[in-house]
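Understanding the architecture of this molecule
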Amino acid sequence: MKISSHLPVALLGAIVVLFQVLMSATGTDYLLIQLTMSAYYALVVLGLCLLMGYAGQISMGHAAFFALGGYTAAVLSTNNLTQLFSAGVLEWLVQKGLIILSTDAYGAAAYRAPAWLSLGTAVLITVAVSFAIGIPVLRLKGHYLAMATLGFGTILYRIFLGTRIFGEADGISAVRPCEILPGLFVGGDPSQRVFNYYFAWILLIGALVLLLNLVRSRVGRALRAIHGSEEAAGAMGIDTARYKLNIFVISAVFAALGGYFMTHFNGGIGPSEAGIMKSVRYVAIVAVGGMANLWGCLLMGVVLNFLSLRGYFGSYDDAVFGALLIIIMALAPEGIFRKESISRIKELTRRLSWPFWK
Amino acid sequence: MSPDNIVQYLISGITAGSIYAIVAIGFNIIYNTTGIINFAQGEFLMLGGMISITLAQFMPLPAAILAAVIITAGVGFLIELVFIRWIDSPSVLRMIIITIGLSIVIREAALHIWDEKVRALPYFTGNEITSIEILGARFSPQVLWVLGTCAIIVIILNIFYYYTLTGKSMRACAANRTAASLCGINIKNMVSLSFTLSAAIGALAGCVISPITQTQYDCGATLAIKGFTAAIFGGLGSSTGAIVAGLLIGVIEAASISIIPLAYKDAITLTLLLGILFFRPGGIFGSREAAALKEY
């Protein structure tokens, strides 16, 4: 990696620190909450950017992976996990230290799995599910791929919505914080706010650096070849099926990590996180960010989610993302960070003034 | 399941299934002329239902339904004119995303024009408790309206496709766009027409089903997914396949309620969709050899 590529990442790090210092100094550090959440959502966007922008495979079901990570965190950090085991097994797990038994504020028994175990489980489940679904799904193209991933996402949504251990329509609340280091928790406690902000952003920047290196490597070139033409890539000796599957799994794990930490940070998760609208929202952000543009996706992922979380879009929240999708894909399918976008807008205004039978 | 129940399940399955078939035919009309899957197809049903419910307060029911169909057809025409017509050689990914965006914007617009309340048109004949008995199963006369309307839509569409010049031109587009345009067919107009037609059919289906299933601003997405399942199941582009597959899916879904919890009802159709996509992407009636040559 050359110095020139270190510089933007270092700048981003500096901006992240600057924001925290400014907000803490001016007493507006409540904004850090939304910035932390935006970072977790942006993590999903980065993973999807790799899949859609570089490998050219659309996924309309990424919210399901986010929810998969989130629900694993939620079930394993609340008393819902007692539904998983019989009393004897539960006691044995507690003795082995695989489940921590404590008492909550009201003196009732409170079970939770240690952080490393629940995080490991979340990642393992996501890898297994994305692997199992990815093998058949990624053989499809175009409409069929979009509908298959949409169908998969909706099935998981229905399962979260209709199953007792996932809290049905209410979701799971009162998820206990996740202990990263002794005394440092990912959770909603105000005293941990600054730590949570930095934790989320270090995770996001780490993911960015990883992906920046990945797309510049042999793998990245292979992915772009697949995007260009799968047959040609195959003829060049690229194992297209394996690359697509690996990228699908990686992007699913990114989404699940976002969901895992977000659930601990928020202290809860509901079935709407797995809904179609959420998946569409991630696709919209990747489209606005410019498909094969990690920096653009990161920027839009943070900005749009921040605006949405602060409630700037009001009751038009979903409509904004739908409209963005149409406008971007109609006018600037390569994203807005391009010169051609401006000439396209001129072209559209010209045609809209006389749209009939040109 | 007792014999009575079987008839009951069959009738409710066929009713829902005939609507899925109409949605699937709507998908096919647009797919045949453009090669695009219009993800906003379900929203046409919602719009038809919602507009007719509003208009029915001011005018007689048949007039309200007619007006709703015309307005929705206009919306379909406008969508094609503004968003599809001027894009020259659209990639599939781009068109998927645009139509998904459209479906969301239409849905959100409906939420703001109307509200999130569940509404319904009045029953065309009789009321909620009127029922007809056949073989021990009781059902509403509205079921006959649904089945009759769907049958008429299919018959008229077939007459249109096979006995009118415009219909034949549309079939020519489906067969080979370049050849059709060399024969002097204006392909862009055919695409506009297919969006208009598809919206009109969707709106009519949305009206007749409204008394039974009721209409809400977000009811389009589920209908679209099931309609798409029917379209794939029957082989994308095939009308006969869509009808058979639609009815079959309706019956499977109705029967599944007696076995698994209602909460997972939609998951059944979706699992079926994934199964078809994985194993027979050409549909149940398509030949395996032909399917092997096509790209999915």
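Just so we're clear, the structure is a prediction, and the values are computed from it rather than from any experiment. (Residues numbered from 1 in each chain as written. Chains lettered and ligands numbered in written order. Predicted model: local features only at pLDDT ≥ 70, side-chain atom pairs only at ≥ 80, totals over all residues. Heavy atoms only, no water.)

When helices and strands are counted, chain B shows 12 helices and 2 strands. Across chain B, helices and strands are ordered from the amino to the carboxyl terminus as α-α-α-α-β-β-α-α-α-α-α-α-α-α. The globule rule puts the C-alpha radius of gyration for 296 residues at 19 Å, and the 19 Å found for chain B is close to it. Dimensions of chain B along its principal axes, counting C-alpha atoms only, are 60 × 50 × 35 Å. In chain B, which comprises 296 residues, the proportion classed as buried is 53%. Here the contacts in chain B between residues at least 6 apart in sequence split such that 75% fall between residues at least 24 apart. Summing over all exposed atoms, chain B offers an accessible surface of approximately 12400 Å²; the carbon and sulfur share of this is 68%. For chain B, the distance from the average position of its 15 positive side-chain charges to the average position of its 14 negative side-chain charges is 9 Å. (Helix = DSSP H or I, 4+ residues; strand = E, 2+ residues; numbered from the N terminus. Rg over C-alpha atoms; globule rule 2.2 N^0.38 Å. Buried < 20%, exposed > 50% of the residue type's maximum accessible area, 1.4 Å probe, protein only. Contact = heavy atoms within 4.5 Å. Areas by Shrake-Rupley, 256 points an atom, 1.4 Å probe, with all protein chains shown as cover. Lys, Arg positive; Asp, Glu negative; His and termini not counted. Charge placed at Lys NZ, Arg CZ, Asp CG, Glu CD.)

It is worth spelling out the packing of helix 2 (residues 41–55) of chain B against helix 3 (residues 61–84) of chain B at this point. Residues and elements named next belong to chain B. It is at 8 Å that the axes of helix 2 and helix 3 come closest, and there the two elements cross at 140°. Our classification of the angle between helix 2 and helix 3 gives oblique. Our pair here, helix 2 against helix 3, has a crossing hand that is right-handed. Here helix 2 contributes Phe44, Leu47, Gly48, Ile51, Ser52 and Leu55 to the contact with helix 3, which in turn contributes Ala64, Ile65, Ala67, Ala68, Ile71, Thr72, Val75, Gly76 and Ile79. In the contact of helix 2 with helix 3, the residues fall into 11 nonpolar, 4 polar and no charged. (Axes fitted to C-alpha atoms, helices over the stretch in contact; angles between N-to-C directions. Parallel < 35°, antiparallel > 145°, perpendicular 65-115°, else oblique. Left-handed = near helix turned anticlockwise from the far one by under 90°. Nonpolar A, V, L, I, M, F, W, Y, C, P; charged D, E, K, R; others polar.)

Listed by partner, the interface residues are 49 residues for chain A and 44 residues for chain B. Summed over the three residues of chain A that lose the most area to chain B, namely A:His143, A:Tyr144 and A:Met147, the buried surface amounts to 20% of that side. Inspection of the chain A/chain B interface yields 0 salt bridges. Joining chain A to chain B, the criterion identifies 7 residue pairs in polar contact (both at pLDDT 80 or more). Mapped onto the side of chain A that touches chain B, the elements with two or more residues apiece are helix 5 (115–137), helix 6 (142–162), helix 11 (276–289), helix 13 (317–331) and helix 14 (340–353) of chain A. It is helix 6 of chain A that provides the largest number of residues to the side of chain A that touches chain B, a total of 14 residues. A class-by-class count of the residues in the side of chain A that touches chain B yields 34 nonpolar, 8 polar and 7 charged. (Buried area = accessible area lost by both parts, 1.4 Å probe. Salt bridge = Lys/Arg side-chain N within 4 Å of Asp/Glu carboxyl O. Polar contact = N/O pair within 3.5 Å; in protein donor to acceptor, adjacent residues only side chain to side chain.)

Here A:His62 is to be found in helix 3 (residues 62–76). With sequence-adjacent residues up to four places away left out, A:His62 is seen in contact with A:Val44, A:Leu48, A:Leu51, A:Ser251, A:Ala252, A:Ala255 and A:Ser279.

Bringing the nonpolar core into the picture now. Counting 203 residues, the largest nonpolar core has A:Trp201, A:Leu204, A:Leu294 and B:Ile19 as the members making the most contacts within it. It is helix 2 (residues 31–54) of chain A that contributes the most residues to this core, 18 residues altogether. Setting aside residues up to four positions removed in sequence, A:Leu294 forms contacts with A:Leu46, A:Cys49, A:Tyr54, A:Leu208, A:Leu211, A:Leu212 and A:Val215. Listed in part, the 7 residues of the second largest apolar core include A:Leu76, A:Leu93, A:Ile99 and A:Ala113. (Core = buried A, V, L, I, M, F, W, Y, C linked by side-chain atoms within 4.5 Å.)

On to the pairing of strand 4 (residues 178–181) of chain A. Residue and element names in this part refer to chain A. Two strands pair when backbone bridges link them, and strand 4 and strand 5 (residues 184–186) are joined in this way by 3 bridges, in the antiparallel orientation. Residue pairing across strands places Leu181 opposite Leu184, the latter belonging to strand 5. Where strand 4 folds back on strand 5, the antiparallel hairpin that results is connected by 2 residues, among which Gly183 adopts a positive phi of roughly 90°. (Pairing = 2+ DSSP bridges.)

Turning our eyes to something else, we now look at unusual backbone geometry. Of note, A:Glu168 is a non-glycine position whose phi angle comes to about 50°, a positive value. With respect to the helices, strands and loops of the structure, A:Glu168 is situated in the loop between helix 6 and strand 3 (172–173).

Going through the model one piece at a time under the given rule, you end up with 11 salt bridges over all chains. One salt bridge in this structure joins B:Arg119 and B:Asp115, with 2.8 Å as the shortest N-O distance. Members of the salt-bridge network, linked through shared partners, are A:Arg281, A:Asp317 and A:Asp318.

Residue and element names in this part refer to chain B. Among the surface-exposed residues, Ile6, Leu10, Ile14, Leu144 and Leu147 lie close enough to one another that they form a single nonpolar patch of about 370 Å² accessible area. Only helix 1 (3–34) and helix 5 (141–163) provide two or more residues apiece to the nonpolar patch. For the nonpolar patch, the element with the most residues is helix 1, which contributes 3 residues. Here Leu10 is to be found in helix 1. A relative accessible area of 37% places Leu10 in the partly exposed class. (Patch = residues over 30% accessible without salt bridge, like charges linked within 9 Å, V, L, I, M, F, W, Y side chains within 5 Å.)

Further remarks concern the confidence of the model for chain B. Should pLDDT be low for a region, the predicted coordinates there are not to be read in detail. All names here are of chain B. For chain B, the mean per-residue pLDDT works out to 86, and 95% of the residues sit at or above 70. Per-element mean pLDDT across chain B ranges from 60 in helix 12 (residues 288–293) up to 94 in helix 2. Here the prediction assigns the complex a pTM of 0.88, and the interface score ipTM is 0.84. (pLDDT = per-residue confidence, 0-100.)

On to the packing of aromatic side chains, then. When we look at a pair of aromatic rings, we describe it by the centre distance and by the angle of the planes. Residues and elements named next belong to chain A. Scanning the model with the defined rule gives 18 aromatic pairs over all chains in all. For the ring pair Phe160 and Phe166, a centre distance of 5.0 Å and an interplane angle of 80° mean the geometry is edge-to-face. As far as the burial class goes, Phe160 and Phe166 line up, both buried. Taking 6.4 Å as the distance between ring centres and 50° as the angle between the ring planes, the aromatic pair formed by Tyr197 and Trp201 counts as tilted. Of the two residues, Tyr197 and Trp201 are both situated in helix 7 (residues 193–216); the distance of 4 residues between them amounts to about one turn of the helix. Here Tyr197 and Trp201 have matching classes, each one buried. (Phe/Tyr/Trp six-rings, centres within 6.5 Å; stacked < 30°, edge-to-face > 60°.)

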